[in-house]
Amino acid sequence: MSPRKFFVGGNWKLNGDKKSLGELISTLNAGKISADTEVVCGAPTIYLDFARQKLDAKFGVAAQNCYKVAKGAFTGEISPAMIKDVGATWVILGHSERRHVFGESDELIGQKVAHALSEGVGVIACIGEKLDEREAGITEKVVSGQTKHIADNVKDWSKVVLAYEPVWAIGTGKTATPQQAQDVHAKLREWLKVNVSDQVAQSVRIIYGGSVTGGTCKELASQHDIDGFLVGGASLKPEFIEIINAKQ
Ligand code: PGA
């Protein structure tokens, strides 16, 4: 048995309304959820409070982004303090869509990680290579570079989950093979061992994201260094329960 508790995050992205998310939440609350899995649902900002109020306490709630300071003249942004104020305890940072659609840099993501952790909010920190980078054979260089910007801003790793999400696999229906994912996860764990500590390398959950489905989750979950998932599309469906229970 891995000492690392299996972790499954749902990333609802910019989807749903009170009606459909309310139905999804009812399905999750009624589902048979393994007590051996930590489950966190990433709600759109405006529904964080709603999700926290409706979801059973066994589910955590995550924001999908936040800013790097507590308050001020930053129109449209939210802070970790606000996330905590509505009872959510996690934030997804550095997601590929934040990096590549909204142009967030490694530096900005690092500052956000530092601030969220300093406020006591857990961080699901996302990294991943683009297709051209994989094809150029620089996957390891890219993901370790991204991880360094995150690691430089972490003092306490107990509140960090690292999410490896190859950009070419996100929302494309093209899941990485269990071997492809395992290879990168093992390299990331090695990177943590060399650059942070053996203890952190052994204890940090490294989760995989990119077109995870009920059909692909079991084999992925059986890989030694895959400690869970970050799930987009399938987290909006009852199938999410199968993914949560992938280790069973
Ligand atoms: P997907 O998204 O499961 O729809 O590919 C994963 C993610 O973006 O976290």
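Now for a description of the structure that goes with this document.

About the criteria used
Residues numbered from 1 in each chain as written. Predicted model: local features only at pLDDT ≥ 70, side-chain atom pairs only at ≥ 80, totals over all residues. Heavy atoms only, no water. Helix = DSSP H or I, 4+ residues; strand = E, 2+ residues; numbered from the N terminus. Rg over C-alpha atoms; globule rule 2.2 N^0.38 Å. Buried < 20%, exposed > 50% of the residue type's maximum accessible area, 1.4 Å probe, protein only. Contact = heavy atoms within 4.5 Å. Areas by Shrake-Rupley, 256 points an atom, 1.4 Å probe, with all protein chains shown as cover. Lys, Arg positive; Asp, Glu negative; His and termini not counted. Charge placed at Lys NZ, Arg CZ, Asp CG, Glu CD. Pairing = 2+ DSSP bridges. Core = buried A, V, L, I, M, F, W, Y, C linked by side-chain atoms within 4.5 Å. Axes fitted to C-alpha atoms, helices over the stretch in contact; angles between N-to-C directions. Near = heavy atom within 4 Å. Polar contact = N/O pair within 3.5 Å; in protein donor to acceptor, adjacent residues only side chain to side chain.

## Considering the overall build of the protein
No. 1: Each helix and strand in the protein was counted, giving eleven helices and eight strands.
No. 2: Relative to the 2.2 N^0.38 estimate, which gives 18 Å for 248 residues, the radius of gyration of the protein is 17 Å and therefore close to what a compact globule would have.
No. 3: Taken over the C-alpha atoms alone, the protein extends approximately 45 × 45 × 35 Å along its principal axes.
No. 4: A buried classification covers 53% of the 248 residues belonging to the protein.
No. 5: Sequence separation of at least 24 residues holds for 72% of the intrachain contacts in the protein that already meet a minimum separation of 6.
No. 6: With the model as given, the accessible surface of the protein reaches about 11200 Å², and the carbon-plus-sulfur share is 52%.
No. 7: Within the protein, one finds 29 positive and 29 negative side-chain charges whose respective centroids are separated by 3 Å.

## Topic: the pairing of strand β3 (residues 59-63)
No. 1: Judged by how many residues are buried, β3 sits mostly within the fold: five of five residues are covered.
No. 2: In β3, alternate side chains face the same way, and those of Phe59, Val61 and Ala63 on one face and Gly60 and Ala62 on the other are all buried.
No. 3: By the bridge criterion, four bridges tie strand β2 (residues 37-42) to β3 in an arrangement that is parallel. Across the sheet, the residue bridging to Val40 is Gly60, located in β3.

## Let's talk about the nonpolar core
No. 1: If you look at the biggest cluster of nonpolar residues, it comprises 67 residues, and the most contacted ones within it are Val91, Tyr208 and Phe229.
No. 2: Top contributing element to this core by residue count: helix α8 (residues 178-195), with five residues.
No. 3: With eleven residues, the next largest nonpolar core counts Phe7, Ala163, Ile207 and Leu230 among its residues.

## Looking at the sheet that holds β2
No. 1: Strand order in the closed barrel made by the eight strands is β1-β2-β3-β4-β5-β6-β7-β8, with parallel pairing throughout. Geometrically, the sheet is characterised by an average inter-axis angle of 25 degrees between neighbouring strands, direction not taken into account.
No. 2: α8 contacts β5 (122-127), β6 (160-164) and β7 (205-209) of the sheet and is inclined by roughly 150 degrees relative to β7.

## Focus: the site of the ligand
No. 1: Residues in close proximity to the ligand total 13 residues, the closest being Lys13, His95, Glu165, Gly171 and Ser211.
No. 2: Separating an oxygen atom of the ligand from a backbone N or O atom of Gly171 is a distance of 2.6 Å.
No. 3: Here Ser211 contributes a backbone N or O atom positioned 2.7 Å from an oxygen atom of the ligand.
No. 4: Here the ligand loses 95% of its free accessible area of 280 Å² to cover by the protein chains.

Worth remembering: the numbers are spatial, not functional.
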